[in-house]
Structure formats: C-alpha cells, structure tokens
Amino acid sequence: MSAPLRNYLEFYRDLGIAELFVDPPPAGEAAPAPAPADSADPAGQLQVIQNDIGDCTRCRLHKGRHSIVFGSGNPLAKVVFVGEGPGADEDAQGLPFVGRAGQLLTRMIEKTCAKEGLPVRRNDVYICNVVKCRPPDNRAPEKDEMEICGRFLERQLQAIAPKAVCVLGGTAAKALLRTTAGITKLRGNWQRWGDIPVMPTFHPSYLLRAYNAEAKRLAWEDLKKLFHLAYD
Ligand code: SF4
Ligand code: URA
C-alpha cells in the first residue's frame, strides 16, 4: 500500500470511520456503476450489493415495509435457499425466514442433514428472498416487483456462487427459472440457473398446512438430493 493511501485510511480510521460507504442514489436517479468487487470475496461483494440497495424505493413494495430483508447466513455457503418475500415477522426483525415457516425450514435443513450424516446447520447455508420488502397483506409479489428486485437476488447468487440453490415454492421458482410450470411439476427435478443446479421444492408455509404429510415427505426427498449434490 502506498504511503499516501495508508495515511488517508489512517486519517479516516482515527476519525472512527472504519469503512467508507457509498451513498444510495436518490429516488429516480440512475444507480452509479457498481463498485468493482473482488470475485474471491463473497462477503465483500454481498456488502456492495446491500450498499447498492441502500434505502431502496425502486418498486412500490418500499411503501409498506419496516425493514429491507437482505438475506442471512454464510457468504461462503454451498447451498442457498430462495423464498418469495418477507412476511410480518421477517419485516419486523429484518431477517429472512424467522417466523413459523422459517422455523420449519430451519428444522427441515438441520434434521435432513443430521439424518444424512452431513454437518450442516442453518448458519452454514445462505437464505434470502426474491423480493426484499414485505408485500402488503402477504400477497404474492407481482411480476414487475420480482423483476426489479430480482436483479439483487441474481447478484447475490453470483457473489456466493453456491454449489446448489433451492427455490421454495412456485412463485420463487417462476421468478428465478423464468418458467410457467407449477411447483408440483417442477419439484424434485434439477433445473439450472446459469451453471448452478437448482432444486425446486414446496414452500414451508404450504407444508405447515396439516393435510400435507405427503408433501412433507416429498420435500424431505428434495432436500436430500440438494444437500448430497452440494456436499458429497
Ligand atoms: Fe427495492 Fe426490492 Fe424493496 Fe422493491 S422490494 S423497494 S426493489 S428492495
Ligand atoms: N416466506 C418467505 O417466502 N420468505 C420469508 O422470509 C418468510 C416467509
């Protein structure tokens, strides 16, 4: 590092500013070109994406949100789970899949892996959604909202470059895979997003409904395939 650059960074550090952040663009203005990110630094790349989202007003979902739910977990994850969008609990806490469906998802991940002899806990994977702001009244996100916010999802997947992705439910599957096929048809069958294998399965909210014992068994089969592809 050159002496002037070191002095410059030390100057900011002495002021108590550990990192220099890019301000989000004001509403209606074109976003600046993304800062060049180190392709060997997924955590840094995720931070750049989160900074670019900023206090986002790019779609109408910003109006009703309390927090932007960016994603959580390991930036070096081998497996990424993609849901539809935050619910009330997620919006309140700013974290994905922390409500009832999220607790089921956590149990499904950890129980499947324990039974299969794989040392995987929820914190080892990465979890996010197609849209980062809660749709009002828990409605499904609309096509334009998923297209606008989906750009951030795609950048998250490029940054993490996992061995496999699991899309949860028909809405997320349609958004990522650009297909019109329903989840009953897609689930259990490997799809691709670019070079990355994608396993579609049922959304945990659907599995929470009592009459879905058979769907739960199928989802368990799907997760087994997912984790074995990523960890074997
Ligand atoms: Fe921005 Fe995505 Fe929230 Fe829409 S859903 S306001 S695009 S962060
Ligand atoms: N449902 C989703 O699709 N995502 C969440 O984060 C929570 C519930």
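Residues numbered from 1 in each chain as written. Chains lettered and ligands numbered in written order. Predicted model: local features only at pLDDT ≥ 70, side-chain atom pairs only at ≥ 80, totals over all residues. Heavy atoms only, no water.

Visitor: Mind showing me how you'd approach the sheet that holds strand β3 (residues 126-129) here?
Guide: Sheets are built from strands paired through backbone hydrogen bonds, the pairs being either parallel or antiparallel. Spatial ordering of the open sheet is given by β1-β3-β2-β4-β6-β5, a layout of six strands whose pairing is mixed. Each having just a single partner strand, β1 (72-73) and β5 (191-193) make up the two edges of the open sheet. Sheet analysis places strand β4 (residues 164-168) next to strand β6 (residues 196-201), joined by four bridges and oriented parallel. Following the sheet pairing, Leu168 is matched in β6 by Thr201. Along the sheet, helix α5 (residues 143-160) contacts β2 (79-83), β3, β4, β5 and β6; its crossing angle with β3, the most-contacted strand, is approximately 165 degrees. (Pairing = 2+ DSSP bridges. Helix = DSSP H or I, 4+ residues; strand = E, 2+ residues; numbered from the N terminus. Contact = heavy atoms within 4.5 Å. Axes fitted to C-alpha atoms, helices over the stretch in contact; angles between N-to-C directions.)

Visitor: Help me out: how do you make sense of the pattern of salt bridges in this one?
Guide: Charged atoms that come close allow side chains of opposite charge to pair. Under the definition given, this model contains 14 salt bridges. Ionic pairing is found between Asp144 and Arg60, a salt bridge with its closest N-O pair at 2.6 Å. Of the two residues, Asp144 is situated in helix α5 and Arg60 in the loop between α2 (42-53) and β1; the sequence distance between them amounts to 84 residues. It is possible to trace a salt-bridge network through shared partners that takes in Arg60, Arg139, Glu142, Asp144 and Glu145. (Salt bridge = Lys/Arg side-chain N within 4 Å of Asp/Glu carboxyl O.)

Visitor: Explanation requested: the side chain of Glu145 in the structure shown.
Guide: Assignment of secondary structure puts Glu145 in helix α5. Excluding its chain neighbours within four sequence positions, the residues that come into contact with Glu145 are Cys59, Arg60, Leu61, Val131, Arg139 and Gly150.

Visitor: Help me understand helix α6 (residues 169-177) in this model?
Guide: Spacing of three or four residues puts side chains on the same side of an α-helix, whose turn is 3.6 residues. Buried within α6 we find Gly169, Gly170, Ala172, Ala173, Leu176 and Leu177. Viewed along the axis of α6, the buried residues span an arc of 165 degrees, placing them on a single side of the element. (Buried < 20%, exposed > 50% of the residue type's maximum accessible area, 1.4 Å probe, protein only. Arc of directions from axis to C-beta.)

Visitor: How do you make sense of the packing of aromatic side chains when you look at a structure like this?
Guide: Summed over the entire model, instances satisfying the criterion amount to three aromatic pairs. Measuring from centroid to centroid gives 5.1 Å for Phe202 and Tyr206, while their planes differ by 40 degrees, and the two rings are tilted. We classify Phe202 as buried; its relative accessible area is 6%. Residues Phe227 and Tyr231 carry aromatic rings whose centres are separated by 6.2 Å and whose planes lie at 35 degrees to one another, so their mutual orientation is tilted. Of this pair, Phe227 and Tyr231 both sit in helix α9 (residues 213-231), separated by four residues, roughly a single helical turn. (Phe/Tyr/Trp six-rings, centres within 6.5 Å; stacked < 30°, edge-to-face > 60°.)

Visitor: Any chance you could explain the packing of helix α4 (residues 100-115) against α9 here in plain terms?
Guide: Between two packed helices, both the angle of their axes relative to each other and the distance between the axes serve to describe the pair. Running from N to C, α4 and α9 cross one another at 65 degrees; their axes reach a closest spacing of 10 Å. Both α4 and α9 take part in a crossing whose hand is right-handed. Contact residues: α4 offers Met108, Ile109, Thr112, Cys113 and Lys115, while α9 offers Ala219, Trp220, Leu223, Lys224 and Phe227. (Left-handed = near helix turned anticlockwise from the far one by under 90°.)

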